[in-house]
Amino acid sequence: MSLNEKEPEVIQVWDLPLRLFHWLLVFGVLGAYVTADYGGRLIDWHGRFGALVLGLLVFRVIWGFTGTLHARFASFVPTPARIVSYLNGDWRGQGHTPIGAVAVFALLGALLFLAFTGLFANDDIAFQGPWLHLVAKPVSDSISGWHGKAFGILKVLILLHLAAIGFYRLFRKRNLVKPMLTGNKSSSGGSLISDSDAVLQRFLIAIAISGAVTWIVYSGVPGHLFSAPVDAPAPAAAW
Amino acid sequence: MKIKFIFALAAAATATAAIAGPVEDQIKVRQSAYAFMGWNAGKIKSQVDDHPETFNKEQVLAAANAIAAIANSGLGSLYGPGTDKGVGWKPSHLKPEFFDRQEEAREIATAFNQEANKLAEAAETGDIDAIKEQFGKVGKACKSCHDNFRIRDK
């Protein structure tokens, strides 16, 4: 780090997998958003973007237990003690602030709900979620309704997320976007985010698991174990 | 004059009833029509999109022709006054404002019929990509009516 001698001190806060997750999630959510309501064949792309988001979320959950320091849920779960300490100005962490952590869990929760309900959704035209056949049609209709309403909540959360970034930029003179790109931030203290050199190994395992889970879910496999696929080509009737 | 007008109205009402039957019947028939179109659309999607290896030109053409035939059968006469409130096989999802926006409804329905006819033409060629493309356009036509006149599930 001798190149950064002018800086007070530069430490890494967000590991590369976390940053990849974040920006791919932006891409996936935007993609799902623009393809959701246009109709026609784009609804199939909505399903594919949904699968990408689901895969990223599965990865994030795994990484929340196996990633580096600030990626681990345990390091930023917003416990009452942490929130009180933060509000009193005594919090000295480097990762998500306790209030920021509330937003992180809210965003992840809303996205998980959307990805999960999408599996059972239908659009009464030609879109069928991969697990549609596990529930009755009226149930799928209701779930599809929740899917749409949950997006309204996600929109609010995303706007709050962006507003918080703008707030820090304008009133605290801090750029929160750059660390999410480079992983680094200037700091007057902090610890190494990883004490192990097995990060790459854990990253590859996490990718393999989340990829496999998503592929299985998206192909509707667990559903097909319980019932015959409804979209199987019907045998041609003789008449 | 007034009496003549009332007679005309009564005659028109009877005529509508004669064509399409009571409210419940109109709703039942149109719900059946959409369910049947949905069944055929499902076969097309399955064979051109999800499992193209199962593509069977005759089956897809039969399905596309069935959709076109229903689209061209005069579904509009199943949307008589009061049919936003009634119960057919299940409560109707028709928005009441359908009756205030008749011109728009007619345009949307006409566009749907045209797309359905083009789907039948595409199916005739047996070209999977062309069918897929046109199937998407039919879906869009369905959606434009759903977005305008169909109550979303809670």
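Residues numbered from 1 in each chain as written. Chains lettered and ligands numbered in written order. Predicted model: local features only at pLDDT ≥ 70, side-chain atom pairs only at ≥ 80, totals over all residues.

Turning to the environment of F36(B), a few remarks are in order. All names here are of chain B. Along the chain, F36 turns up in helix α2 (residues 23-50). For F36, a count of 13 C-beta atoms within 10 Å puts it in the partly exposed group. Separated by 56 residues in sequence, F36 and S92 have C-alpha atoms that sit 16 Å apart. (Helix = DSSP H or I, 4+ residues; strand = E, 2+ residues; numbered from the N terminus. Buried ≥ 20, exposed ≤ 12 C-beta atoms within 10 Å, placed from the backbone.)

Counting residues in hydrophobic clusters, the biggest one holds 31 residues, and the most contacted among them are V53(A), L54(A), L57(A), F59(A), W63(A), A115(A) and F120(A). Every element with two or more residues in this core is listed here: α1 (16-36), α2 (42-66), α5 (98-118) and α8 (199-218) of chain A. Among the elements that take part in this core, α2(A) stands out by supplying 10 residues, more than any other. Residue contacts for F120(A): discarding those within four places in its chain leaves G129(A), W131(A), L132(A), L134(A), V135(A), S140(A) and I143(A). One finds M37(B), I44(B), A116(B) and A122(B) within the second-largest nonpolar core, a separate group that totals 21 residues. (Core = buried A, V, L, I, M, F, W, Y, C linked by C-beta atoms within 7 Å. Contact = placed C-beta atoms within 7 Å.)

Inspection of the secondary structure assignment puts Q102(B) in helix α4 (residues 102-125). Considered as a pair, Q102(B) and A116(B) are 14 residues apart in the sequence and their alpha carbons are 21 Å apart.

Another aspect to go through is the packing of α2(A) against α5(A). All names here are of chain A. Two numbers describe how α2 lies on α5: the axes approach to 10 Å, and their chain directions differ by 130°. It follows from the interaxial angle that α2 and α5 lie oblique. In this structure, α2 crosses over α5, and the sense of that crossing is left-handed. The segment α2 lies against α5, with G50, V53, L54, L57 and R60 engaging L108, L111, L112, A115 and G118. A breakdown of the residues in the contact of α2 with α5 according to their chemical character gives seven nonpolar, two polar and one charged. (Axes fitted to C-alpha atoms, helices over the stretch in contact; angles between N-to-C directions. Parallel < 35°, antiparallel > 145°, perpendicular 65-115°, else oblique. Left-handed = near helix turned anticlockwise from the far one by under 90°. Nonpolar A, V, L, I, M, F, W, Y, C, P; charged D, E, K, R; others polar.)

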